[in-house]
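Working through the structure, step by step
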Amino acid sequence: MTEKTVVDLAAWQDLHKQAAAWRGRHLKDLFAEDPQRGERYRAEACGLYLDYSKNWLDEAALTGLFKLAEERGLVARRDAMFAGEHINVTEDRAVLHVALRLPASAHCLVDGADVVPEVQAVLQRMADFSSRVRDGSWLGASGKPIRTIINLGIGGSYLGPEMAYLALRRFRHPRIEVRFVANVDGAALEQALAHLDPAETLFIVASKTFTTLETMTNARAARQWLVAALGEAAVAQHFVAVSTNAEAVRAFGMDTEHMFGFWDWVGGRYSMDSAIGLSTMIAVGAEAFFDLLAGFHAMDEHFRTSPLRQNLPVLHGLISVWYNNFFGAQSQAVLPYAQDLRRLPAYLQQLQMESNGKSVDLQSRPLPVDSGMVIWGEPGTDGQHSFYQLLHQGTRLIPCDLIGFLEPLAESGAQHDLLMANLIAQAEALAFGRTAEQLREEGAAPAQIPFRVCPGNRPSNILLLEALTPRALGILVAFYEHSVFTQGAIWGIDSFDQWGVELGKVLALRVLEDIQGKAQHAHDSSTQQILARYRAARKG
């Protein structure tokens, strides 16, 4: 029997009716009707506090969303993931990033084999290696300790480690700097190598297949830079790999003893807590890295075991579906009030948009609804003097996540009260706005009043944690991972493949052959004109 599409479900149709009835309602009225709303529409787990009271929700809407989750089989799909079933159907793979952060005493079967011992073995090898780099016993070819790590990767093998490195600034080794290169633009590597001593530089090449075009192009250029200074024999002491292709690693000149692998049931955008996190572990140390994993695992367990109504990722995911599919929201802003989380929005862009940017459901049918929203954002308070104007007075519906920490990130902490005052005030301003009457009472010039009115009724979530520690970062990232899972389960899509990424790569290789004169492929007239212009410029 063919499974119903999501729009055929009774809960979906009921939610459409409810959404239509919401037109004209205002958050100001909801709080006036229910003075305790802020206390009732909140949830907390694993040290993460979620205030979702400033959303277009009441008990009927929430009941409808949970009914939708029930009709869509969210719990069964969640359990299938944790059980190691092949829920990535287009690649016939398990989806078990959650196994990367299981305790050593746990068990997790994939195709009948317990993967926990393998995971723990890789983690121990990572810990041993990172310890040697951190204490200076790993020496370069010239006998000098390593002072700079260059992480060469792209996508999931870059965004997660870079985000974590910046986020965990206060936990980093004082002597070791990590730099990240992803872009195949030679300027990226050039900038990363500026003013470095090759004798004190270690490269981590993160590519599962060791064939990723951008990563390997940068790796070969980095190799040339090193060899020019230290000779061919130095490669093995200055390059290590996160890969499963031992033959290619060996051919590059690396020692496969210093190759760290991971598994096909780990998607790139879910891999920052695998061997992809080697640069993170070197930066913060094994103990802090294991605290990071413990945070991930704590949220995993909350998502796996908590009732849906108290389940933070489920709540967040269903609220996102509510705005996306029933009110036409096309984007969502992620606004961390923490400078050290400045790369979190970019990390979540990949997590959400690569996972849920799909147009076909699990039964190969065209998706009858919009899937994942565009994710974007910048740290507060920077954005307040930039795009917040559109959030407050623009015409588009843009739900916001405002993320803050009770403890300051700076050692002095003197400015933290002002930072958090801004977070709290922005959520309040988005929700309640400012009326013409209030402006008149404040003595605003009458001619200015229409331009200064802020309509409010702009929904937001507030996420609070105690402090930005490794454990807290793991909790926060896992929260978003499982929110993305929840949304994908509602839409009935495969959130764990990324076939759309492949097409551009294939075409780029064809175009490269045209540029280099190795082939003449057929193209449209626009592409032909651009190719001709580029070739002419290069010849000149």
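The residue numbers shown here count from 1 along each chain, following its written sequence. With pLDDT at 70 or above as the cut-off, local features in this predicted model cover only qualifying residues; side-chain atom pairs require 80 or more to be listed or tallied, and sums for whole chains, interfaces and linings still use all residues. As a rule here, side-chain values cover all heavy atoms of the structure and leave hydrogens and water aside.

Some words on the side chain of Asp497
Relative to the helices and strands, Asp497 resides in the loop between helix 20 (470-491) and helix 21 (500-515). Nitrogen and oxygen atoms within 3.5 Å of one another constitute a polar contact, given that in protein one can donate a hydrogen and the other can accept it, and given that sequence-neighbouring residues count only through two side-chain atoms. At 2.7 Å, the side chain of Asp497 forms a polar contact with the side chain of Lys358. A distance of 3.3 Å separates a polar atom in the side chain of Asp497 from a polar atom in the side chain of Trp499. Two residues qualify as a contact provided that any one of their heavy atoms is within 4.5 Å of a heavy atom in the partner residue. Ignoring any residue separated from it by four or fewer positions in sequence, one finds Asp497 in contact with Asn88, Thr90, Glu91, Arg269, Glu354 and Lys358. By the criteria applied, helices consist of DSSP H or I runs no shorter than four residues and strands consist of E runs no shorter than two, each listed in order from the N terminus.

Observations concerning the domain arrangement of the chain
Bear in mind that the domain bounds are from an automatic or database domain assignment. Domain boundaries assigned for the chain yield domain 1 (6-72 + 306-491), domain 2 (97-289) and domain 3 (500-538). Each of domain 1 and domain 2 was reduced to a C-alpha centroid, and the two centroids are 35 Å apart. Between domain 1 and domain 2, the residue contacts involve 22 residues of the former and 21 residues of the latter. Accessible area that two parts lose when put together, evaluated with a 1.4 Å probe and summed over both, is termed the buried area. Here domain 1 meets domain 2 over a buried area of about 2000 Å², counting both sides, of which 56% is carbon and sulfur. Salt bridges, as used here, are contacts in which a Lys or Arg side-chain nitrogen is within 4 Å of a carboxyl oxygen on Asp or Glu. Where domain 1 meets domain 2, there are 4 salt bridges. With a closest N to O distance of 3.0 Å, Asp340 and Arg169 form a salt bridge.

Examining helix 22 (residues 525-539)
By this rule the span expected of a helix is its residue count minus one, scaled by 1.5 Å. Helix length check: helix 22, at 15 residues, gives a terminal C-alpha distance of 21 Å against a target of 21 Å (1.5 Å per residue), a fit within 8%. Backbone nitrogen of Ser526 and a side-chain oxygen of the N-cap are separated by 2.9 Å at the start of helix 22; the cap is Asp524.

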